[in-house]
Amino acid sequence: MTIKPKAKKFRIRRSPAAPDAGPGGEAAAARPVPAPDMHSSASAASASAQPQPPNTAAQAATAAGKSPQFGGQTGGQTGDPSGALSGQVSSARETRLETDIDAIRQEGLTGRQLRMARRVAQKHDLPATSDFDAVRLLREKGIDPFKRANMLELVVPQNKAQPDNTPAVGQNVQLPQTVPAAKINLPSTELSPAERRQHEISEMQRAIAGRRRRKLVLLMARLAFFVLLPTLITGYFFYAVATPMYATKSEFLVLKADGAGAVSSLLSGTQFATSQDSIAVQGYLQSKGAMLRLESEMGFKTHFSQDWIDPIQRLDPNATNEQAYKIYKRNVKIGYDPTEGVVRMEVSAADPEISAEFSRRLISYAQDEVNHLSEQKRSDQVSEAEAALELAENKRREAQRHLVELQQDGMVLDPEGVILSLRSQINTFEVQVQQKELELAALMDNTRPNRAKVAGVEADINRLSEVIKRLNDRMTDASEGENSLANHRVQIQMAQADLATRDLMLQSALQQVESTRMEANRQVRYLTTAVAPVASEEASYPRKFENTILAFLIFSGIYLLCSLTASILREQVSS
């Protein structure tokens, strides 16, 4: 049974070449177009969705520009081709297409949605003339044009029908549909959709597994080339090529003499008393001067220039001091522990006895350096104290000589004693004069004094007065003038005071010299060997296993860093 398509609306176009239409044309133009109802629209839509057999009459009428319903009436009325309507009448399918596209335009779809619909239509091989037509065709197929496709939908084609006209996998089924007739009863070689889907999934899994295997093989190849191969080369060098080195370890301390002061006695037993000296000794042993001294006495360059030493550790026979100093720093390791005050030294050499001898020589160099650390300071302090003592002795000697000269110039050793003697004599004669005057007064109290006695007493008084006068004149001469005994006495007293001062200064200088010598003795440093160097019986370097593991970690870190950098750059470039 075939259902004839029904038109929902008609459009009549007049041709400009036929302005005068016949009565039939005016009647056709004036005839009202029936409004389509919902039932007719639905019938038309369902009819257009199902496959229709060809309708020759309808196609002919459509091709002639006439409606299937109104073509016969027009021809019957006019009977003349000139009286027919000039123009085209759209078919129901074209009208429905335009109506659907107009409805899709009114939905307000974005450009991204339209591009997505175009891509989905191209994937399903739909003949879309525009983006809106692509949306219409996908909706007619029952496919959501804006639905995100998963991996299976991308791999399995959905737009191709199966050989038995069954819908493709993932395609929505619309009813009603025709039931395909069974072809033959023989076993078919074609796969069912479920089997085909399972087969395609297994193919994808095998492809993913193969891709993973290829990536894993490439990763293993890169690891083997950039990590394992360098590690094997490094391990071979450490185990087979590297020359064994024998290390000799020793420890020594720098001590200070016990001091008498409270602060010095408080710090003398701690590491803070000699920390600077220990650091200075450490710096000297690690200096180029110690290396040159060891070269001049023991032949450091000659030992490390032997042919049987491996190329990395061997020193060129014509090497400069800088190149030899690099080898020296690598083989002589010195560390100072500030918490314990111990200097630890490790000397490596290709021969154990030579290594021990190198260590002993370096300890002797350290001891000489310790002895010279405070020698200059001690010598300066003692020399300054001795110079002060010598100056005090000279000053005292000059003061004493000046006193002797003063005593010699005045011909009097003790001017003060002379003045005291004169004063004593004057006092004695004055007492005698007073006694004579009393005796004269007693004689004069008599009525008839004895003139002889009175004359004798008066003569005695006169003689005593003359003596007292001479003594007073001598006393006056001694106390007045530049050359008087008083002036001479003052100069002698000043010289004696100066001499006493110089005596005190000389005594102080002597005490300073003694204390400086004691302090200098307390500032003496001593180097005490805590662990004596002993030759080793087994090689200490190279540490084969540890160095190989370290090389593996280093190469792995370098590879990881380079691979991460390359991945980041690749991602940045691709984005």
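Anything mentioned here points back to the structure above.
All of the points below concern the structure found in this document. (Residues numbered from 1 in each chain as written. Predicted model: local features only at pLDDT ≥ 70, side-chain atom pairs only at ≥ 80, totals over all residues. Heavy atoms only, no water.)

Some points on helix α12 (residues 288–298)
- Within α12, the full set of buried residues consists of A290, M291 and L294. Across the axial projection of α12, the buried residues extend over an arc of 100°, all falling on one side.
- Backbone geometry just after α12 places G299 at a positive phi near 75°. (Buried < 20%, exposed > 50% of the residue type's maximum accessible area, 1.4 Å probe, protein only. Helix = DSSP H or I, 4+ residues; strand = E, 2+ residues; numbered from the N terminus. Arc of directions from axis to C-beta.)

Brief notes about the pattern of salt bridges
- Enumeration over the complete set of coordinates arrives at 22 salt bridges.
- In this structure, D368 and R293 form a salt bridge, with 3.2 Å as the shortest nitrogen-oxygen distance. Linking D368 in helix α15 (residues 352–373) with R293 in helix α12, this pair joins segments that are 75 residues apart in sequence.
- According to the relative accessible area criterion, R293 is partly exposed, its value standing at 28%.
- Across the pair R463 and D460 runs a salt bridge, and its minimum N-O distance is 1.9 Å. One end of the pair, R463, and the other, D460, are both in helix α18 (residues 451–479), 3 residues apart, so they sit about a helical turn from each other.
- Connected via shared salt-bridge partners are R293, E297, E357, R360, R361 and D368. (Salt bridge = Lys/Arg side-chain N within 4 Å of Asp/Glu carboxyl O.)

Section: the side chain of R136
- Considering the arrangement of structural elements, one finds R136 in helix α7 (residues 131–140).
- With residues up to four places along the chain from it excluded, the contact list for R136 reads L97, D100, I101 and I104. (Contact = heavy atoms within 4.5 Å.)

Quick word on the packing of aromatic side chains
- Under the counting rule described, the total for this entry stands at 7 aromatic pairs.
- Ring geometry for F225 versus F226: centroids 4.9 Å apart, planes at 90°, classification edge-to-face.
- On the accessibility criterion, F225 (52% relative accessible area) is exposed.
- Taken together, a centroid distance of 5.9 Å and an interplanar angle of 45° make the contact between F300 and F358 tilted. (Phe/Tyr/Trp six-rings, centres within 6.5 Å; stacked < 30°, edge-to-face > 60°.)

Focus: unusual backbone geometry
- Along the chain, Y541 connects to P542 via a cis peptide bond; the corresponding omega equals 0°.
- Mapped onto the secondary structure, P542 falls in the loop between β4 (525–531) and α20 (544–574).
- Although it is not a glycine, D125 sits at a positive phi angle of roughly 55°.
- Following the sequence through the fold, D125 ends up in the loop between α6 (111–123) and α7.
- The exposure class of D125 is exposed, given its relative accessible area of 53%.

So, a nonpolar patch on the surface
- On the surface, L228, Y239, F545, I549, F552 and L553 cluster together into a nonpolar patch covering about 610 Å² of accessible area.
- Of all the secondary-structure elements, those providing two or more residues to the nonpolar patch are α9 (193–241) and α20.
- The element contributing the most residues to the nonpolar patch is α20, with 4 residues.
- Structurally, F552 can be placed in helix α20. (Patch = residues over 30% accessible without salt bridge, like charges linked within 9 Å, V, L, I, M, F, W, Y side chains within 5 Å. Areas by Shrake-Rupley, 256 points an atom, 1.4 Å probe, with all protein chains shown as cover.)

Describing the packing of α6 against α7
- Between α6 and α7, whose axes approach to 8 Å, the crossing angle comes to 60°. Between α6 and α7, the interaxial angle falls into the category oblique. In this structure, α6 meets α7 at a crossing whose hand is left-handed. Contacts between α6 and α7 involve L114, A117, R118, V120 and A121 from the first element and D131, F132, A134, V135 and L138 from the second.
- The residue inventory of the contact of α6 with α7, partitioned by class, reads 8 nonpolar, no polar and 2 charged. (Axes fitted to C-alpha atoms, helices over the stretch in contact; angles between N-to-C directions. Parallel < 35°, antiparallel > 145°, perpendicular 65-115°, else oblique. Left-handed = near helix turned anticlockwise from the far one by under 90°. Nonpolar A, V, L, I, M, F, W, Y, C, P; charged D, E, K, R; others polar.)

Section: a positive patch on the surface
- Among the surface-exposed residues, R211, R212, R213, R214 and K215 lie close enough to one another that they form a single positively charged patch.
- Its place among the elements puts R214 in helix α9.
- Among the residues examined, R214 registers a relative accessible area of 53% and is labelled exposed. (Lys, Arg positive; Asp, Glu negative; His and termini not counted. Charge placed at Lys NZ, Arg CZ, Asp CG, Glu CD.)

Things to note about helix α11 (residues 275–285)
- Where α11 is concerned, the buried positions are D277, S278, V281, Q282, Y284 and L285. Looking down the long axis of α11, one finds its buried residues gathered within 165° of arc, a one-sided arrangement.

A short note on the sheet that holds strand β3 (residues 342–349)
- Spatially, β2-β3-β1-β4 is the arrangement adopted by the 4 strands of the open sheet, whose pairing is antiparallel. Edge positions in the sheet fall to β2 (332–337) and β4, since each has one partner strand and no second. Taking the axes of each pair of neighbouring strands and ignoring which way they run, one obtains an average angle of 25° across the sheet.
- Together, β1 (246–256), β2, β3 and β4 form the strand contacts of α11, whose direction differs from that of β2 by roughly 170°. (Pairing = 2+ DSSP bridges.)

Here we look at the pairing of β2
- Where β2 and β3 come together, 6 bridges link them in antiparallel fashion. Each residue of the ladder has a partner; that of I334, found in β3, is M345.
- Here β2 hands over to β3 after 4 residues, with G341 in that stretch at a positive phi of 75°.

Here we look at the packing of α12 against helix α14 (residues 321–331)
- Following both chains from N to C, one finds α12 and α14 inclined at 95°, their axes separated by 10 Å at the closest point. Comparing the axis directions of α12 and α14 gives the class roughly perpendicular. Of α14, the residues touching α12 (which contributes K288, A290, M291, L292 and L294) are N321, E322, A324, Y325 and Y328.
- Residues belonging to the contact of α12 with α14 are distributed by class as follows: 7 nonpolar, 1 polar and 2 charged.

Looking at the environment of A530
- With respect to the element layout, A530 can be found in strand β4.
- The class of A530 is partly exposed, set by a relative accessible area of 47%.
- C-alpha separation for the pair A530 and V343, spaced 187 residues apart in sequence, amounts to 9.5 Å.
- With sequence-adjacent residues up to four places away left out, A530 is seen in contact with E251, F252 and L253.

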